Amino acid sequence: MFGYDIGISRGVSAMDDFLIKFFPHVYQTKLHAKENNYCKYDNWLLQLFTSSLYISALFASFFASKAATKLGRKITILIASIFFIVGAVLSAVAENKLMLIFGRILFGVGVGFGNETVPLFLTEVAPIQHRGAVNIMFQLFVTIGIFIANFVNYGTSMIHPNGWRMSLGFAAIPAGKSTLVKIRGVSDVEAEYKEIVAACEQAKQVKQHSLKNLLKPASIPPLVIGVLLQVFQQFTGINAIMFYAPVLFQTMGFKANASLLSSVITGIVNVGSTFVSIYLVDKVGRRKLLLQACCQMLISQLAIGTILVTSLLETGTLNRTLATIVVLLVCTYVMSFAWSWGPLGWLIPSETFPLETRTTGFAFAVSTNMLFTSIIAQLFLTMLCTMKAYIFFFFSGWIVVMGLFVYFFLPETKGVPIDSMVERVWMQHPIWKRLF
Ligand SMILES: OC[C@H]1O[C@](O)(CO)[C@@H](O)[C@@H]1O
């Protein structure tokens, strides 16, 4: 659901029928703008369409953390599905901006609940030697969601005038199915009920006041790392590509169809490279993947920036060869993100908190992800409009900072049981051990 939405909003916000209905000014600007005008989609309300969802998910993740502790992980996931269905239906039938944004907000609550519980659940149930791989199933399905959304948008963009409604409404299908499966027969109720009772009992055992506990030494390193990994994950610039690839490729001078096609290609690379991570994460560990990716992302971004600044800004177009090189570089960039910062941004915070602060601590990581995703969603088009192709150098600078952070502050957590992090990881680390 999370991935599907990331993929859907970018395509929908470039569809003419959608713009004419809700953002006629943007449509007018688009009509009169040249193909490669960096500012044609710069409209704060249009950006709010994308980012409202993440702002609501940000707040929802804290309620979800309470629900995950009190009701258990499974019930919280079920609650997420209900919000997904209502939110998707409301935005699909929207007749005005208010309905549209309200639908996005409800959908965002679903994302907050889902993103809080699913990665935690996976980490907790996984056998230790495959913990990384099992957790990365979350990110794998995020990338698959993005990919499916690309295809859906490609098809619905040819259906006038209501194709965009289908794109938004289809989000209800997978959520609807899982909820129906949940509430299907009567025979399962007993087992389910027992699980809920057991979960509540367990939750009572865990000491409350977990907010206060977050400031204890055992929780400070995972909190700092969990929050910063998410900030950095977004400052790799990935969502500038994920949300706005069609817009970005059009801005670079590709024609409308070619730009959709290029984003389908990046979608395939994204899914494929996540499998690489599943295969490697419990073998080579987390640190090596993150550091390798910083090098590859840096080189790709610098090269894209240089090509665009030198040729596009001067001549206004990219020739075929350069355009192909840019697409290839976007692929090498997405590839390295997908086997590192994408999945590990979720895995590491889910495996490093002690039990008493796990759900609250993880909620900080989730909400930081949402906050910075929405900041990028909200600001990217404005940044593109002012910085133009120099935006790639802006993200490159961040990649250097995050590489240094990993090198100095992030210990390896591969193969360490989640309840032994304090003795086996934090107390052994040259910097973090000073806390104890
Ligand atoms: O696959 C790319 C996607 O992965 C995420 O970083 C989530 O982990 C999203 O913010 C991004 O759109």
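What you are looking at is a predicted structure, and each value in this text was computed from that prediction instead of being measured. (Residues numbered from 1 in each chain as written. Predicted model: local features only at pLDDT ≥ 70, side-chain atom pairs only at ≥ 80, totals over all residues. Heavy atoms only, no water.)

Visitor: I tried to follow the overall build of the protein chain on my own but got confused; where do I start?
Guide: The secondary structure content of the protein chain amounts to 20 helices and zero strands. Buried positions account for 57% of the 436 residues belonging to the protein chain. At a minimum sequence separation of 6, the contacts of the protein chain that also span at least 24 residues come to 81%. (Helix = DSSP H or I, 4+ residues; strand = E, 2+ residues; numbered from the N terminus. Buried < 20%, exposed > 50% of the residue type's maximum accessible area, 1.4 Å probe, protein only. Contact = heavy atoms within 4.5 Å.)

Visitor: In this structure, what is going on with the packing of helix α4 (residues 44-70) against helix α6 (residues 97-125)? I would like to understand it.
Guide: Two quantities define a packed helix pair, namely the angle between the axes and the distance from one axis to the other. Contact pair α4 / α6: the axes reach a minimum separation of 6 Å and the direction vectors enclose 40 degrees. Between α4 and α6, the crossing angle belongs to the class labelled oblique. Once α4 is placed against α6, the crossing between them reads as right-handed. Counted by class, the contact of α4 with α6 contains 17 nonpolar, eight polar and three charged residues. (Axes fitted to C-alpha atoms, helices over the stretch in contact; angles between N-to-C directions. Parallel < 35°, antiparallel > 145°, perpendicular 65-115°, else oblique. Left-handed = near helix turned anticlockwise from the far one by under 90°. Nonpolar A, V, L, I, M, F, W, Y, C, P; charged D, E, K, R; others polar.)

Visitor: What's the story with the packing of aromatic side chains in this structure? I'm lost.
Guide: Taken as a whole, this structure holds 25 aromatic pairs when the rule is applied. Aromatic pair Phe138 and Trp346: ring centres 5.2 Å apart, planes at 70 degrees, arrangement edge-to-face. Here Phe138, found in helix α7 (residues 131-156), pairs with Trp346, found in helix α17 (residues 341-352); they are 208 residues apart in sequence, far enough to count as distant. Across the pair, Trp346 and Phe138 agree in class, each one buried. Aromatic rings pair up to connect Phe232, Phe235, Trp341, Phe372, Phe394, Phe395, Trp398, Phe405, Phe409, Trp426 and Trp432 into one cluster. A cation over a ring is seen here: Lys283 above Tyr279, with NZ or CZ 4.0 Å from the ring centre. (Phe/Tyr/Trp six-rings, centres within 6.5 Å; stacked < 30°, edge-to-face > 60°. Lys NZ or Arg CZ within 6 Å of the ring centre and 35° of its normal.)

Visitor: Looking at this structure, I do not really get the site of the ligand. What am I missing?
Guide: As a matter of local geometry, the ligand sits amid 13 residues, with Gln139, Gln234, Asn239, Asn270 and Trp346 nearest to it. The separation between an oxygen atom of the ligand and a polar side-chain atom of Trp346 is 2.6 Å. When the ligand sits alone it has 310 Å² of accessible area, and the protein chains cover 100% of it. Of all the elements in the fold, those that place two or more residues in the shell around the ligand are α1 (2-12), α7, α12 (220-235), α13 (238-251) and α17. Take the shell around the ligand: its biggest share by element is three residues, from α7. Each residue belonging to the shell around the ligand can be placed in one class, and the counts come to six nonpolar, seven polar and no charged. (Near = heavy atom within 4 Å. Polar contact = N/O pair within 3.5 Å; in protein donor to acceptor, adjacent residues only side chain to side chain. Areas by Shrake-Rupley, 256 points an atom, 1.4 Å probe, with all protein chains shown as cover.)

Visitor: Could you clarify how one ought to interpret the packing of α6 against helix α18 (residues 358-387) in this entry?
Guide: In contact at an axis separation of 10 Å, α6 and α18 are set at 130 degrees when each is read in the N-to-C sense. When the axis of α6 is compared with that of α18, the two are oblique. In this structure, the crossing between α6 and α18 has a hand that is right-handed. Counted together, Val111, Asn115, Glu116, Pro119, Leu120 and Glu124 of α6 and Arg358, Thr359, Phe362, Ala363, Val366 and Met370 of α18 form the full contact between these two elements. Looking at the contact of α6 with α18 residue by residue, the class counts come to seven nonpolar, two polar and three charged.

Visitor: I would appreciate a short explanation of the confidence of the model for the protein chain in the present structure.
Guide: Low pLDDT means the predicted atomic positions in that stretch should not be read closely. The predicted model of the protein chain averages 88 in pLDDT, with 88% of residues at 70 or higher. The ipTM assigned to the predicted complex is 0.97, against a pTM of 0.90. (pLDDT = per-residue confidence, 0-100.)

Visitor: Mind showing me how you'd approach the side chain of Asp17 here?
Guide: With respect to the helices and strands, the residue Asp17 is situated in helix α2 (residues 16-22). Summary of buried charges: Asp17 has no salt-bridge partner, and the nearest side chain of opposite charge, Arg165, is 9.6 Å away. (Lys, Arg positive; Asp, Glu negative; His and termini not counted. Salt bridge = Lys/Arg side-chain N within 4 Å of Asp/Glu carboxyl O.)

Visitor: What should I look at first to understand α12 in this one?
Guide: Along an α-helix, residues three or four positions apart point the same way, because every turn accommodates 3.6 residues. With 16 residues, α12 extends 22 Å from end C-alpha to end C-alpha; this agrees with the ideal 22 Å at 1.5 Å per step. Within α12, twelve of the 16 residues are buried, which leaves it mostly tucked inside the rest of the structure. (Expected span 1.5 Å × (residues − 1).)

Visitor: Whenever I open this one, α18 confuses me. Can you help?
Guide: Of all the bends in α18, the greatest measures close to 45 degrees and is centred on Leu379. With 23 of its 30 residues buried, α18 lies for the most part within the structure. Note on α18: the residue one or two positions beyond its end, Lys388, has a positive phi of about 55 degrees. (Bend = angle between axes of the 7 residues up to and from the residue.)

Visitor: Can you walk me through the environment of Thr29 in this structure?
Guide: For Thr29, the position within the fold is in helix α3 (residues 24-32). Residues Thr29 and Ser61, spaced 32 residues apart in sequence, show a C-alpha to C-alpha distance of 37 Å.

Visitor: What is the right way to read the pattern of salt bridges from this model?
Guide: Oppositely charged side chains may form a pair once their charged atoms are brought near each other. Per the counting criterion, the structure on display carries nine salt bridges. A salt bridge links Glu95 to Lys21; the nearest nitrogen and oxygen atoms lie 3.0 Å apart. Here Glu95, found in the loop between α5 (73-92) and α6, pairs with Lys21, found in helix α2; they are 74 residues apart in sequence, far enough to count as distant. Accessibility expressed as a relative area gives 36% for Lys21, which makes it partly exposed. In this structure, the salt-bridge partner of Asp282 is Arg286, at a minimum N-O distance of 3.2 Å.

Visitor: Sorry, what's going on with the nonpolar core here?
Guide: If you look at soluble globular proteins, the nonpolar side chains tend to sit buried side by side. Membership of the largest hydrophobic core comes to 113 residues, with the highest contact counts inside it found for Phe2, Phe18, Trp341 and Met370. Non-local contacts of Phe18, meaning those with residues more than four positions away in its chain, are made with Val12, Ser13, Phe23, Leu46, Phe49, Leu100 and Trp164. (Core = buried A, V, L, I, M, F, W, Y, C linked by side-chain atoms within 4.5 Å.)

Visitor: Which parts of the structure should I look at to understand the environment of Phe83?
Guide: Considering the arrangement of structural elements, one finds Phe83 in helix α5. With relative accessibility at 28%, the residue Phe83 sits in the partly exposed group. Taking the C-alpha atoms as reference points, Phe83 and Arg320, separated by 237 residues in sequence, lie 45 Å from one another.

Visitor: Got a minute to help me understand unusual backbone geometry in this structure?
Guide: For residues that are not glycine, phi is negative in most cases, and the peptide bond is trans in most cases. For the bond running from His160 to Pro161, omega is -5 degrees, close enough to zero to count as cis. Relative to the elements of secondary structure, Pro161 occurs in the loop between α7 and α8 (163-169).

Visitor: What is the right way to look at the side chain of Asn369 in this model?
Guide: Secondary-structure assignment places Asn369 in helix α18. For Asn369, a relative accessible area of 1% puts it in the buried group. Side chain to side chain, Asn369 and Gln230 meet in a polar contact 2.8 Å long. Apart from residues lying up to four places away in sequence, Asn369 is in contact with Phe2, Gln230, Gln233, Gln234 and Trp346.

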